[in-house]
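# Examination of the molecular architecture
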Amino acid sequence: MAALGVVMLLPFAWLFSMSFRPPAEAYKMPPSFLPPTLDFKNYWAVLTSSVPFLQIYWNSVEVAVLVTLGQLVTCTLAAFAFARLKFPGRDSIFFVLLIGLMFPAQVTIIPIYLGFAKVGLLNRPIGLVLMYLTSSFGVFLVRQFMRSQPKALEEAALMDGAGYFKIFYRISLPQLRPALSALGIITFTQTWNYYFQARVLLEPQQAMTLPIAMDLLRGYLASGNLSVVMAAMSMAVLPVILIFLLAQKLVVEGVTMSGIKN
Amino acid sequence: MQASVTRTKSDLEKAQTRAGYLFILPSFVLYSVFVLAPVIVTFVLSFTYYDPMAGSRWVGLENFQRFFTGDRSLQIFWNTLCFAIFAVTGNVTVGLLLALALNRAMPAFLLYLFRLAYFLPVIIAAAFVSIVWGYFYGDDLGVINYYLIRFGITPIHWLTSSRTAMMSIIIMDIWKNAGFFMILFIAALQGVPKTIMDAAIMDGSSYWRRFFRIVLPWISPVVFFAIVYASIGALQVYESIVILTRGGPGDATRSMSIHIVEEAFDSFEIGYAASVSVIMTLIILIITSIQLLASRRWVRY
């Protein structure tokens, strides 16, 4: 079990170690699984290369942060309505929203591409953000959580004449912290990792996010510069690894929940 | 008196209705624009020959016919099914074995380390780890072949032979995703009632007998869910193949997703690409409805 665990981690050990190898020795065998030096030259080489790495990194941060914030807002609002309010058509609308879980990105990408081309959103990271400002899964997750919470406080506030938005903001929202941190973490890592959609919608280097840019960098810097590619890779995976180390339990639970969404 | 009470009640209902629609408005508008409408448009496009210059025309089932009669598209269809069958089997089996191995009392820090090791690949993008595996799988400069040669084993053309390329991609996929199913199964295993297990142990039944007679039936809904979930993901396989082999050698590893992107955005065969994505969606819908029907039955007993 332990030996297998080490094998599982080898690709990561290799990637970090190689990022510290001098480029001239990149392909020398045997490979390293521990950093041979602690020289950040390769990292510097990435930042000063002709690939706009900082811009690309910023695109990834921008997309992941905006999508996460957007989903936290839109999903919580909708979840409050579905869990706490009664209105005509509520359950059918919720059902329609849930059907969305079954459609893969492949079946929406063509019209979105054509539409984005028409309105000038193609090749702009903000297009990717707009696409993912809400998610059926997020609404579902927060609604489930909210239904398990007692609603006595909310009813009391209603009796006192508080408006629905005030009840949502002052009473429901503070209770939702565990659900929101789970949703936030899942959404951030998922968005950080999007490849299919980004590859179709973001073509120029300036507009790329990290997952597509890594493929480009590999070809671009490849000849002998394996170490430099791995330095870029280390920087690209860093946020997700940090989140995982800091909130392992939340990540594991959250990602598993996102699987049990159906 | 009576009248005023009814009025406030209906006022409250009105306020609630208004609030309800307002709260779901952002999600519903975004969902309609970016999910519902595109799905409908894709279905319509799949029956057309799309040509914005000369005008699109209705072609009925021609696109679907083209997919199911073309040698190349059938090979791609077969590749995707093949990948799905082996990746799903591998992921679920390895995940279950790992869960069985981990489902015992152990110090908290060990559990932490194991979860770290097995779950890390799950959350790092396939786009990133595939590049690393690309170097591992290299022919002459690859890490794996270096060790094979050192131990006197003939090196393998992991990605450059059409006989092994798909297998190599499936191996990486299992490395990447088995940890997810492990976590799923650990949760399920903890639900197996201890009293039944203890009774079986008292009766002296062996570990594997207990597994097949008690544990497996008990967690079978979760296993079934895992198979369905894994299949849906596997049918969409894209980035690992794009990065490792670009669909090659030849068409040996080209998947439906790659086909869709190439046809739609390189050849601009929009109608045909839409029909391929509709086929993929229909398969997913069928698998999902089987799951929904089956789980309803399971819940009942």
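To keep things clear, this report deals only with the structure shown in the data block. (Residues numbered from 1 in each chain as written. Chains lettered and ligands numbered in written order. Predicted model: local features only at pLDDT ≥ 70, side-chain atom pairs only at ≥ 80, totals over all residues.)

### Some points on the overall build of chain A
- Looking only at helices and strands, chain A features 14 helices and 0 strands.
- Listing the helices and strands of chain A from first to last along the sequence gives α-α-α-α-α-α-α-α-α-α-α-α-α-α.
- Over its C-alpha atoms, taken along the principal directions, chain A stretches across nearly 75 × 50 × 30 Å.
- Expressed as a percentage of its 262 residues, the buried residues of chain A come to 45%.
- Sequence separation of 24 or more characterises 74% of the internal contacts of chain A that already satisfy a separation of 6 or more. (Helix = DSSP H or I, 4+ residues; strand = E, 2+ residues; numbered from the N terminus. Buried ≥ 20, exposed ≤ 12 C-beta atoms within 10 Å, placed from the backbone. Contact = placed C-beta atoms within 7 Å.)

### Points about the nonpolar core
- The biggest cluster of nonpolar side chains holds 164 residues, and the ones touching the most others in it are M214(A), A232(A), M233(A), F128(B), M182(B) and F185(B).
- In terms of residue count, helix α7 (residues 165–189) of chain B provides more of this core than any other element does, 16 residues in total.
- Built from parts of two domains, this core gets at least three residues from each of domain 1 (2–45) and domain 2 (64–300) of chain B.
- With residues near it in sequence (within four places) discarded, M214(A) still touches A232(A), M233(A), A236(A), A127(B), F128(B) and I131(B). (Core = buried A, V, L, I, M, F, W, Y, C linked by C-beta atoms within 7 Å. Domains from an automatic or database assignment.)

### Looking at unusual backbone geometry
- The linkage connecting G248(B) with the following residue, P249(B), adopts the cis geometry, with an omega of -5°.
- Tracing the backbone through its elements, the reader meets P249(B) in the loop between α10 (239–244) and α11 (256–266).
- Backbone geometry at N123(A) places phi at a positive 65°, although glycine is not the residue there.
- If you trace the backbone, N123(A) turns up in the loop between α5 (109–119) and α6 (125–131).
- For N123(A), a count of 15 C-beta atoms within 10 Å translates into the label partly exposed.
- At R246(B), a residue that is not glycine, the phi angle is positive and equals roughly 55°.
- Its place among the elements puts R246(B) in the loop between α10 and α11.

### A word on the interface of chain B and chain A
- Taken together, the contact pairs 71 residues of chain B with 64 residues of chain A.
- Here the side of chain B that touches chain A gets 19 residues from one element, more than from any other, and that element is helix α1 (residues 2–45) of chain B.
- The class makeup of the residues in the side of chain B that touches chain A is 58 nonpolar, 11 polar and 2 charged. (Nonpolar A, V, L, I, M, F, W, Y, C, P; charged D, E, K, R; others polar.)

### Notes on the environment of W133(B)
- You can see W133(B) is positioned in helix α5 (residues 126–136).
- The spacing of W133(B) and T288(B) is 155 residues in sequence and 32 Å in space, taken between C-alpha atoms.
- Residues in contact with W133(B), not counting those within four places in the same chain, are P11(A), M172(B) and L244(B).

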